[in-house]
Amino acid sequence: MQNIESRLCRVLVLFAASAVWVGCAEKPRPQRPTPVVAIDTAHRGPLPYVVAANGEVEANRTVAVQSLVSGMLVRTAIIEGQEVTQGQVLFQIDPRPFKAELARVKSTLARDEATLTRARSDSSRFAALAKDGYVTRQQLDQAFAETSALAATVAAGGASLEVAQLNLDNSTVRAPISGRTGQLAVKTGNLVRAQADPPLVVINELRPVMVRFSVPENDFEEMRSRSGMDRPLNVKVTPKVGDSTRLVTGKLAFINNVVDRASGSVLLKARVENERKDLWPGQFVTVALELNVDSAAITVPSVSIVTTANGSFVYVVGDSMRVKRVPVKVGRQSGVVSTIESGLVGGEQIVVDGQTRLTDGGKVEFRSAAPAAGGGRAGRSGGKKP
């Protein structure tokens, strides 16, 4: 009986130990899911090299209209903000004093001309009498001197006539250029003084306009090496406020002959025809200066590039849905894409989202990436290496 109880105890102990071991055994770990990533294609094709800069619009020509004569303003022929054409009447200053002065100068000149005619006749007669000895040499010289003095008086009268006529003409103030008027500084009935400040009105020429912008010295050197100094390079201008899709094109028209020491940049100006008046003087814009086109540039979305202390790389999807880490040398950044100088040949499927979950040689599942913002890979701004 004791043997049976002893055996029963040993069985119970073994059963309990087995139960404890089974309960403490490690449960099998669940299999790690395959990372789901977004992919895109490394493109190879033409890519314009574009330098981006901030710019400001300025009028092609600005004229501060001033009166050249003094007098009372009797008529204002324009309103503020009006479009005017060259030669159009803007203001009328009281012309009556100038008409009276012109009439006086004309009458004085006519009298002097008549006196000169008589003096010349006397000089001719005295010259004939002097041959026969009826007139002394002194009298003859005096007659010629009087004639010369009267001729000078007539010449001065002619100059005075021109000035009087010019003053009368200038009493009507006309637009020296075509453009848009600004705020009027005087109103009808005010006394206008010649060449006084402020001007009567300021006219800005809005078609065309100039866009002033500066590029860093490095980009300027790139422009010189790629395009030279004499080519009318294309310039694309986008307003910073309002409709950002509005694009106005122009041509590079001016390159300053010095580098600004304070900013290390070079001043450039682009001429924009501005037919629809999309640009306004004083407006801030974004400028894209197109230097040339790289015919076979390799580009990838910038988000696909992983940068570490040891360099940059991308994940390339290969056979059997496995990814490979490929070191790359990154060139310039152009908008949402970057150029690759080495490491890719174009056409590779690269991971653009989910790189942090990947390991070299690991399997992936992918979904299509959304198209890159900006509509294509051409015409993006040049920049420094990231």
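Residues numbered from 1 in each chain as written. Predicted model: local features only at pLDDT ≥ 70, side-chain atom pairs only at ≥ 80, totals over all residues. Heavy atoms only, no water.

**Topic: the environment of Leu 206**
You can see Leu 206 is positioned in the loop between β10 (201-204) and β11 (209-216). Given the relative accessible area of 5%, Leu 206 is considered buried. Linking Leu 206 and Asn 274, residues 68 residues apart in sequence, is a C-alpha distance of 7.2 Å. (Helix = DSSP H or I, 4+ residues; strand = E, 2+ residues; numbered from the N terminus. Buried < 20%, exposed > 50% of the residue type's maximum accessible area, 1.4 Å probe, protein only.)

**What to know about a nonpolar patch on the surface**
Residues Met 72, Val 74 and Leu 191 make up a contiguous nonpolar surface patch of about 280 Å² in total accessible area. Topologically, Met 72 is positioned in strand β4 (residues 71-76). Of the residues examined, Met 72 reaches a relative accessible area of 45% and is grouped as partly exposed. (Patch = residues over 30% accessible without salt bridge, like charges linked within 9 Å, V, L, I, M, F, W, Y side chains within 5 Å. Areas by Shrake-Rupley, 256 points an atom, 1.4 Å probe, with all protein chains shown as cover. Salt bridge = Lys/Arg side-chain N within 4 Å of Asp/Glu carboxyl O.)

**As for the sheet that holds strand β9 (residues 191-192)**
Within the open sheet, the four strands sit side by side as β7-β6-β4-β9. Their pairing is antiparallel. Only two strands of the sheet have a single neighbouring strand rather than two, namely β7 (172-174) and β9. Bridge analysis of strand β6 (residues 89-93) against β7 gives three bridges, and the strand direction is antiparallel. If you follow Phe 91 over to β7, its bridge partner there is Val 173. (Pairing = 2+ DSSP bridges.)

**Quick word on the side chain of Arg 332**
Residue placement: Arg 332 occurs in strand β18 (residues 323-334). What makes Arg 332 buried here is its relative accessible area of 7%.

**Quick word on unusual backbone geometry**
Apart from glycine, the bulk of residues carry a negative phi angle, and the bulk of peptide bonds sit in the trans form. The omega torsion across Asp 197 and Pro 198 is -5 degrees, close enough to zero to call that bond cis. Inspection of the secondary structure puts Pro 198 in the loop between β9 and β10. In this structure, Pro 208 follows Arg 207 across a cis peptide bond, with omega equal to 5 degrees. Mapping Pro 208 onto the fold places it in the loop between β10 and β11. At Asn 274, a position not held by glycine, the phi torsion is positive, near 55 degrees. With respect to the helices, strands and loops of the structure, Asn 274 is situated in the loop between β14 (265-272) and β15 (284-301). Classification of Asn 274 as buried rests on a relative accessible area of 3%. A positive phi angle is found at Ser 320, which is not glycine, with a value near 60 degrees. Topologically, Ser 320 is positioned in the loop between β17 (311-317) and β18. With a relative accessible area of 56%, Ser 320 lands in the exposed category.

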